[in-house]
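# Summary of structural features
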Amino acid sequence: MTPTDDTPTPAQPSGAVPPAPAPALAGLETSLEKIARELMIQQRADRRWRLFFRFIWLALAVALAWGLMSERFTPTAPSRPHTALVEVRGEIAPGSEASAELLVSALRSAFEDQGAQAVVLRINSPGGSPVQAGIVNDEIRRLKVLHQKKVYAVVEEMCASGAYYIAVAADEIYVDKASLVGSIGVLMDGFGFTGLMDKLGIERRLLTAGENKGMLDPYSPQNEQQTAYAKAMIDQIHQQFIAVVRQGRGKRLQETPETFSGLFWNGEEAVRLGLADKMGNLDYVAREVVKAEDVVDYTPRENVAERLAKRFGAAMGEGAVKAMRQVSPIH
């Protein structure tokens, strides 16, 4: 018999899942393709950013190497007669622009240059570490004998405490009439919080091995014996300072009871007291005293590569995070 449209449809086995409608399958495939496409876009973007940052780091490394190598190996021609300048600015302390390490390096370069007729210290500093100042003072006196060159100190705004410790190593000290000069003394400062802790009900619990290990602890009451010991120690350092000033100034120093009391004076009064010699600035000393008007600065400066390294290194992390955040997220 010929089958007709009335032929019954075969029954499906029990428990079989009916096939998904064609439109549902098409929609699923479209979603998967969209997700895959976005993943590929994201991966490409990530690769581009990685390559970008690698290129930046490579460029930075090349710039640093170029800057350091060019400074190290650039030949220097014999210099003409000039006045060598070394700046003493800011606090005299380890790691600062006026640290003994940097100043000593600059002084050696200045003295060793055959074209340098004399060395001028241009000072604008409130002082700082007596150790750092003492190292510089000792090195100036050693270099003067070794190279037979004069050293002049020129004070701008301030030459106090440790800065004056350095200045007295010079053969002559020049000041402005309004410069601040002196402060020949030593201090050790701090704070005491015991009264405030009592009011707030705070108890200090300090354990030490050695009865003086917690000496001058700001959260503990003062101990008279320890305070006397600290005072004797800074008195010794003060006497060292006084000896250096007397050695450097010699008979020019007109001592009074206030000379070593920690007071400071203006430039005009400092000349009268023998703490300084004459009025004058850098140009005057180079022109009229050294007789070499050209001034060459030997003060250590950061080169371009070092500045780039510091600035770029500080901003690189933050910039990278911001850049990565701008990459389109997957939705």
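### Some points on the nonpolar core
The nonpolar side chains of a soluble globular protein tend to be buried with one another. With 47 residues, the main nonpolar core has V86, L107, L121, Y164, I166 and L275 as its most contacted residues. Among the elements that take part in this core, helix α2 (residues 100–112) stands out by supplying six residues, more than any other. If sequence neighbours within four positions are ignored, Y164 has contacts with C159, I173, V181, G182, I184, V245, R249 and L275.

### Examining the pairing of strand β4 (residues 172–175)
By the bridge criterion, three bridges tie strand β3 (residues 150–160) to β4 in an arrangement that is parallel. Looking at β4, one finds that Y152 is bridged to E172. Viewed along the sheet, the connection from β3 through helix α4 (residues 162–167) into β4 turns out right-handed. One ladder, built from two bridges, connects β4 with strand β7 (residues 278–279); its direction is parallel. Looking at the pairing, Y174 lines up with K278 of β7.

### Here we look at the pairing of β3
In terms of strand pairing, strand β2 (residues 116–125) meets β3 through seven bridges, oriented parallel. In the strand pairing of β3, V119 is matched with V151. Handedness of the crossover is the feature at issue here: the chain leaves β2, passes through helix α3 (residues 130–147), returns alongside β3, and the resulting connection is right-handed. The pairing of β3 with strand β5 (residues 180–182) spans three bridges and is classified as parallel. From the neighbouring strand, C159 faces β5, where its bridge partner is V181.

### Notes on the side chain of K144
Topologically, K144 is positioned in helix α3. Classification of K144 as buried rests on a relative accessible area of 17%. Once you skip the residues sitting within four places of it in the chain, K144 turns out to touch F111, K149, V151, A169, A170 and D171.

### What to know about the environment of D297
Along the polypeptide, D297 turns up in strand β8 (residues 295–297). Judged by its relative accessible area of 35%, D297 is partly exposed. A distance of 2.6 Å separates polar atoms of two side chains, one belonging to D297 and the other to T299.

### Digging into the confidence of the model for the chain
Of the residues in the chain, 78% reach a pLDDT of 70 or more, and the chain-wide mean stands at 83. This model gives residues 71–78 a pLDDT under 50, and the stretch forms two contacts once residues within four places in sequence are excluded. Across residues 323–331 the pLDDT falls below 50, and counting only partners more than four positions away or on other chains, this stretch makes 14 contacts in the model.

### Things to note about the pattern of salt bridges
One pass over the full model with this rule turns up 17 salt bridges. Notably, a salt bridge pairs R142 with E139, separated by 2.6 Å at the nearest N-O pair. One end of the pair, R142, and the other, E139, are both in helix α3, three residues apart, so they sit about a helical turn from each other. R205 is the partner of E203 in a salt bridge, and the nearest nitrogen-oxygen pair spans 3.4 Å.

### A few points about α2
For α2, which comprises 13 residues, the first-to-last C-alpha distance of 18 Å matches the rise-based estimate of 18 Å (1.5 Å per residue) to within 8%. Every buried residue of α2 is accounted for by A100, L103, V104, A106, L107, A110 and F111. Around the axis of α2, the buried residues are gathered within 165° of arc, so they sit on the same side. In this structure, α2 carries E101 and E112 as exposed residues pointing more than 90 degrees from its buried face. Elements that come into contact with the buried residues of α2 comprise β1 (82–89), β2, α3, β3 and α4.

Rules of the game
- Residues numbered from 1 in each chain as written.
- Predicted model: local features only at pLDDT ≥ 70, side-chain atom pairs only at ≥ 80, totals over all residues.
- Heavy atoms only, no water.
- Core = buried A, V, L, I, M, F, W, Y, C linked by side-chain atoms within 4.5 Å.
- Buried < 20%, exposed > 50% of the residue type's maximum accessible area, 1.4 Å probe, protein only.
- Helix = DSSP H or I, 4+ residues; strand = E, 2+ residues; numbered from the N terminus.
- Contact = heavy atoms within 4.5 Å.
- Pairing = 2+ DSSP bridges.
- Right-handed = clockwise from strand over helix to strand, strands pointing away.
- Polar contact = N/O pair within 3.5 Å; in protein donor to acceptor, adjacent residues only side chain to side chain.
- pLDDT = per-residue confidence, 0-100.
- Salt bridge = Lys/Arg side-chain N within 4 Å of Asp/Glu carboxyl O.
- Expected span 1.5 Å × (residues − 1).
- Arc of directions from axis to C-beta.

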